[in-house]
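# A structural walkthrough
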Amino acid sequence: MKIKTSTITFWFNKQSDIKQYSEKFNKALESHFFPFNVFGIPATVDLLYPRMTTVSRSNHSNIEFSLINLRLNTIFDSNYESDLDSCINYLKDRALLIYRTLNDCGIDIVYSAIFMVLDEKCDSPEKSIIKKFFNNGDYKNVDEVGIRLSNTIDDKYYKILNINNNKSVKFKKIVDSNTSKEIVLPLLSLDEAEEIEDYLMTSVEVNDKLIYNRDHKHVTNETDFVEMLEHIKKEIANELERF
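I will try to describe carefully the structure that is included in this document. Keep in mind it's a predicted model, so treat the numbers as computed, not measured.

The helix and strand tally for the chain stands at five helices and nine strands. If you list the helices and strands of the chain from N to C, you get β-α-β-β-β-β-α-β-α-β-β-β-α-α. For the chain, buried positions account for 40% of its 243 residues. Taking all contacts inside the chain whose residues are at least 6 apart in sequence as the whole, residues at least 24 apart take part in 69%.

As for its placement among the helices and strands, Asn165 is situated in strand β8 (residues 157-171). Separated by 37 residues in sequence, Asn165 and Ser128 place their C-alpha atoms 9.2 Å apart. Among all residues touching Asn165, those that are not within four sequence positions of it are Pro125, Glu126, Ile129, Asp143, Glu144, Val145 and Tyr199. One polar contact links the side chain of Asn165 to the main-chain carbonyl oxygen of Asp143, over a distance of 3.2 Å. At 2.8 Å, the side chain of Asn165 forms a polar contact with the backbone nitrogen of Val145.

Once their charged atoms are close, side chains differing in charge can pair, the charge on each being opposite to the other. Enumeration according to the criterion identifies 12 salt bridges in this entry. For Asp224, the salt bridge goes to Lys156, with nearest N and O atoms at 3.0 Å. Of the two residues, Asp224 sits in helix α5 (residues 222-242) while Lys156 sits in the loop between β7 (146-153) and β8, which places them 68 residues apart along the sequence. It is possible to trace a salt-bridge network through shared partners that takes in Lys156, Asp224 and Glu227.

Attention now goes to the nonpolar core. One finds Phe10, Phe25, Phe65, Leu70, Ile98 and Leu102 to be the most contacted residues of the largest nonpolar core, which totals 51 residues. What Ile98 contacts, discounting residues up to four positions off in sequence, is Phe10, Phe25, Leu29, Ile63, Leu70 and Leu72.

As a further point, take unusual backbone geometry. Although it is not a glycine, Asp154 adopts a positive phi angle of roughly 55°. Among the structural elements, Asp154 can be located in the loop between β7 and β8. Unlike most non-glycine residues, Asp155 shows phi in positive territory, near 55°. By the element assignment, Asp155 lies in the loop between β7 and β8.

The geometry of a pair of packed helices is captured by two quantities: the angle between their axes and the separation between those axes. Between helix α1 (residues 22-29) and helix α2 (residues 84-104), whose axes approach to 10 Å, the crossing angle comes to 150°. Between α1 and α2, the interaxial angle falls into the category roughly antiparallel. As α1 runs across α2, the sense of the crossing is right-handed. Contacts between α1 and α2 involve Lys24, Phe25, Ala28 and Leu29 from the former and Leu97, Ile98, Thr101, Leu102 and Asp104 from the latter.

Moving on to helix α3 (residues 125-133). Listed as buried for α3 are Pro125, Glu126, Ile129 and Ile130. Across the axial projection of α3, the buried residues extend over an arc of 140°, all falling on one side. Among the exposed residues of α3, those oriented more than 90 degrees off its buried face are Lys127 and Lys131.

Turning to the packing of α2 against α5, a few remarks are in order. The interhelical angle for the contact between α2 and α5, taken along N-to-C directions, is 160°, at an axis separation of 11 Å. Classified by the interaxial angle, the pair formed by α2 and α5 is roughly antiparallel. The hand of the α2/α5 crossing is right-handed. Along the contact surface, α2 presents Leu84, Asp85, Ile88, Lys92, Ala95, Leu96, Tyr99 and Arg100, while α5 presents Glu222, Phe225, Val226, Leu229, Ile232, Lys233, Ile236 and Ala237. Considering only residue class, the contact of α2 with α5 consists of 11 nonpolar, no polar and five charged.

So, on to the environment of Tyr90. Within the secondary structure layout, Tyr90 lies in helix α2. Counting along the chain gives 41 residues from Tyr90 to Lys131, while the straight-line C-alpha distance between them is 35 Å.

The rules we used
Residues numbered from 1 in each chain as written. Predicted model: local features only at pLDDT ≥ 70, side-chain atom pairs only at ≥ 80, totals over all residues. Heavy atoms only, no water. Helix = DSSP H or I, 4+ residues; strand = E, 2+ residues; numbered from the N terminus. Buried < 20%, exposed > 50% of the residue type's maximum accessible area, 1.4 Å probe, protein only. Contact = heavy atoms within 4.5 Å. Polar contact = N/O pair within 3.5 Å; in protein donor to acceptor, adjacent residues only side chain to side chain. Salt bridge = Lys/Arg side-chain N within 4 Å of Asp/Glu carboxyl O. Core = buried A, V, L, I, M, F, W, Y, C linked by side-chain atoms within 4.5 Å. Axes fitted to C-alpha atoms, helices over the stretch in contact; angles between N-to-C directions. Parallel < 35°, antiparallel > 145°, perpendicular 65-115°, else oblique. Left-handed = near helix turned anticlockwise from the far one by under 90°. Arc of directions from axis to C-beta. Nonpolar A, V, L, I, M, F, W, Y, C, P; charged D, E, K, R; others polar.

Interpretation note: all reported values are geometric properties and have no functional meaning in isolation.
Written out as C-alpha cells, the structure reads:
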C-alpha cells in the first residue's frame, strides 16, 4: 500500500477575527508556505468555511484556517508515498510550526486530530478484505465492503480505522456548447467510463478528543501532539503490513 494523503486538524474555540493573525503566520511559515490569502467573509457564514488559505511552496500541502479550526492537508507524491519516516517527518516539521504559531497568537487548541489515507490498486479488493476479516461463507459474493473500528490508546487518545474497497472512475465527456445538456454525476453510467480502477483503501485517525470529552477545559500540549504523531506512525506501519 502507498501513503496517499493526510489531514491534521487543530480545533479551537470560536475566534472573532483570524485576519489579525495573518502577518504572524506568514512570517512563521514563510520557509514552507506562500503568504495567506485572506477572504472577507461575513461572520454569519458557516464557521467551518475557511477565512484564510495558503499553499506550500512545493504545492503538496495547503492550509485552511476557519474561525474554529485550522487544517493542514497534504498529498504525498512518489518520493514520499512509500517512505513512512519521511511522511511523518514532513508532517511533524510543518504541524509543529503551526501549533506553536497558534499558541503565539493566544489560541488554545482544545483537541487535535491526525488523519492519514493509504491505498493500493488491486483486483477484487473486497475479496481481500472479506478473506482477512470474515470466515463466514455468506459474504463470499460481496461487491462492496467497509469496516470501521474504533478503540482507545493509553486511555488518552481515540484511534479510528476504516478499511474499504473503492473505485476510481475516469469519464471523458464531450458536451456541445450549443446545447443545454448538463453533466449530472449521479446520472453517469459506468458503461460510459473511459477507465475504472479498483483500490483497497485504509484510513487511520488518532485524536485526543477522548481527553476533551472528559474535560472541556483540556488543551492539547506539544508533548501529547508529538506522541500522537508517534502513535499514528506505528498504526500506519501496521496497516502497510496488513495485506
